[in-house]
Amino acid sequence: MRKLTAGLFHAIDGVVEAPNLWQGDAFDDELGALLGGVMGRVDTVLMGRKGFTEWKKDFGEGGDPYFGPFINGVTKYVASRTLKGDIGWQNATLIEGDVPAFVRELKAKPGGEIAVMGGISLVRELFLAGLLDELTLITHPVIAGDNRRHLFQPGDPTTQLVLVDMQRTSRGNIVSTYSVRR
């Protein structure tokens, strides 16, 4: 069974949306090495529509010399209720039908690690469906402020987690990886 992971940049106040607006100078060499390690393990990426649209624009033509080659070369599956047909990015396929059922089947196939990238709603959906094996929160020492999305919402079920790993970076980021307590 393939491992399904997700990682999100996270502000102290719980905000996960639009880290480019509040991350500031908190990104450091240790986070770069951590993300490089993820890119070395992952051969399949799951994306939500919004993340897909933004990343296709930012990285689809090559873009960033560090992340661009990875995201362009990796197999990508996109969850969307609004996109149709050919979604026009190399190695990207639209998920047809029930997303959790698709992910269950994908996890059962041979391959490397699967990562959810670029999709807060998708991370939440797969977590609540019991499909996410590990969730990494990269907590930056910043308060992002109101009117931005959090990963979990009022009414979500109480879920006990286990801390799998934790590290502190030189700029004060806390990288915490959790799994669901079984």
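Predicted, not measured: the structure shown is a model, and the values here were computed from it. (Residues numbered from 1 in each chain as written. Predicted model: local features only at pLDDT ≥ 70, side-chain atom pairs only at ≥ 80, totals over all residues. Heavy atoms only, no water.)

Student: Help me understand the pattern of salt bridges in this model?
Tutor: Charged atoms that come close allow side chains of opposite charge to pair. Inspection of every chain in the model, using the stated rule, returns six salt bridges. The salt bridge partner of Arg-41 is Glu-113, with a shortest N-O separation of 3.0 Å. Taken as a pair, Arg-41 in helix H1 (residues 29-41) and Glu-113 in strand E5 (residues 113-116) lie far apart in primary sequence, 72 residues in all. What makes Glu-113 buried here is its relative accessible area of 9%. (Salt bridge = Lys/Arg side-chain N within 4 Å of Asp/Glu carboxyl O. Helix = DSSP H or I, 4+ residues; strand = E, 2+ residues; numbered from the N terminus. Buried < 20%, exposed > 50% of the residue type's maximum accessible area, 1.4 Å probe, protein only.)

Student: Could you clarify how one ought to interpret the nonpolar core in this entry?
Tutor: The nonpolar side chains of a soluble globular protein tend to be buried, and buried together. Membership of the largest hydrophobic core comes to 25 residues, with the highest contact counts inside it found for Leu-4, Leu-46, Val-103, Val-116, Val-123, Leu-126 and Leu-132. Elements that contribute at least two residues to this core include exactly strand E1 (4-11), strand E3 (75-79), helix H4 (99-108), E5, helix H5 (120-128) and strand E6 (134-140). In contact with Val-103, not counting residues within four places along its chain, are Leu-4, Leu-46, Leu-126 and Leu-131. Grouped together as the second largest cluster of nonpolar side chains are 19 residues, Val-45, Trp-55, Phe-67 and Ile-87 included. (Core = buried A, V, L, I, M, F, W, Y, C linked by side-chain atoms within 4.5 Å. Contact = heavy atoms within 4.5 Å.)

Student: Got a minute to help me understand the sheet that holds E6 in this structure?
Tutor: Strand pairing in a sheet takes place through backbone hydrogen bonds and is either antiparallel or parallel in direction. With respect to topology, eight strands assemble into an open sheet ordered E4-E3-E2-E5-E1-E6-E8-E7, the strand pairing being mixed. This sheet does not close on itself; its edge strands, each paired only once, are strand E4 (92-94) and strand E7 (161-168). Each strand of the sheet is rotated relative to its neighbour by a mean of 25°, with strand direction disregarded. Against the sheet, H4 makes contact with E1, strand E2 (42-48), E3 and E5, and its axis sits at roughly 180° relative to E2, the strand it touches most. Here H5 sits on the sheet in contact with E1, E2, E3, E5, E6, E7 and strand E8 (174-180), set at roughly 105° to E2. (Pairing = 2+ DSSP bridges. Axes fitted to C-alpha atoms, helices over the stretch in contact; angles between N-to-C directions.)

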